[in-house]
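What follows is each chain in one-letter form.
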Amino acid sequence: MDTLKLIITILQLLCGLAIIVVVLCQSGKSAGLSGSIGGVADSFLARNKAKTMDAKLARATKWVGALFLILTLLLLILG
């Protein structure tokens, strides 16, 4: 049981580091007046949004975050 907890803890640590890297690689959201003006153009040209790198990073953030949550729950159950 201790070996399983150690493996899950190491996986959780790697998952935490991965989510930090993925979040830091994402570009920031525009703010202020320029962001609202640019938002109109973004919504008009949003057809290829799913293929952009930011969309892939956002999808990776969701999956890695879900995996982190599952590993945390497993550690709670085993603890």
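The structure presented is a predicted model; accordingly, all values stated were derived computationally and were not measured. (Residues numbered from 1 in each chain as written. Predicted model: local features only at pLDDT ≥ 70, side-chain atom pairs only at ≥ 80, totals over all residues. Heavy atoms only, no water.)

> How should the overall build of the protein chain be read in this particular structure?
From N to C terminus, the protein chain includes three helices and zero strands. Looking at the 79 residues of the protein chain, the share that counts as buried comes to 15%. Counting every atom, the protein chain has about 6400 Å² of accessible surface; 73% of that belongs to carbon and sulfur. (Helix = DSSP H or I, 4+ residues; strand = E, 2+ residues; numbered from the N terminus. Buried < 20%, exposed > 50% of the residue type's maximum accessible area, 1.4 Å probe, protein only. Areas by Shrake-Rupley, 256 points an atom, 1.4 Å probe, with all protein chains shown as cover.)

> What am I meant to see in the nonpolar core here?
One recurring pattern in soluble globular proteins: nonpolar side chains tend to sit buried together. Ranked by size, the top nonpolar core spans five residues in total: I8, C15, V64, L71 and L75. Contributions of two or more residues to this core are made by α1 (2-25) and α3 (53-78). A total of three residues in this core trace back to one element, the largest contributor, which is α3. Other than its neighbours up to four places away in sequence, I8 contacts L71, L74, L75 and L78. (Core = buried A, V, L, I, M, F, W, Y, C linked by side-chain atoms within 4.5 Å. Contact = heavy atoms within 4.5 Å.)

> Help me understand α1, please; the structure alone is not making it clear to me.
Since one α-helical turn is 3.6 residues long, residues separated by three or four positions face the same way. If you check α1, its first and last C-alpha atoms are 35 Å apart, about what 24 residues at 1.5 Å a residue would give, namely 34 Å. Along α1, the positions that sit buried rather than exposed are I8, Q12, C15, G16 and V22. Looking at the packing, one finds that the buried side of α1 touches α3. (Expected span 1.5 Å × (residues − 1).)

> Which parts of the structure should I look at to understand the side chain of Q12?
Considering the arrangement of structural elements, one finds Q12 in helix α1. Within the structure, Q12 has its side chain in polar contact with the side chain of T72 (distance 2.6 Å). In this structure Q12 touches F68, L71, T72 and L75, once residues within four positions along its chain are discounted. (Polar contact = N/O pair within 3.5 Å; in protein donor to acceptor, adjacent residues only side chain to side chain.)

> Just checking my understanding: could you explain α3 for this structure?
Between its first and last C-alpha, α3 extends 37 Å over 26 residues, near the 38 Å set by a 1.5 Å rise per residue. Within α3, burial applies to A55, L57, T61, V64, L71 and L75. On its buried side, α3 packs onto α1.

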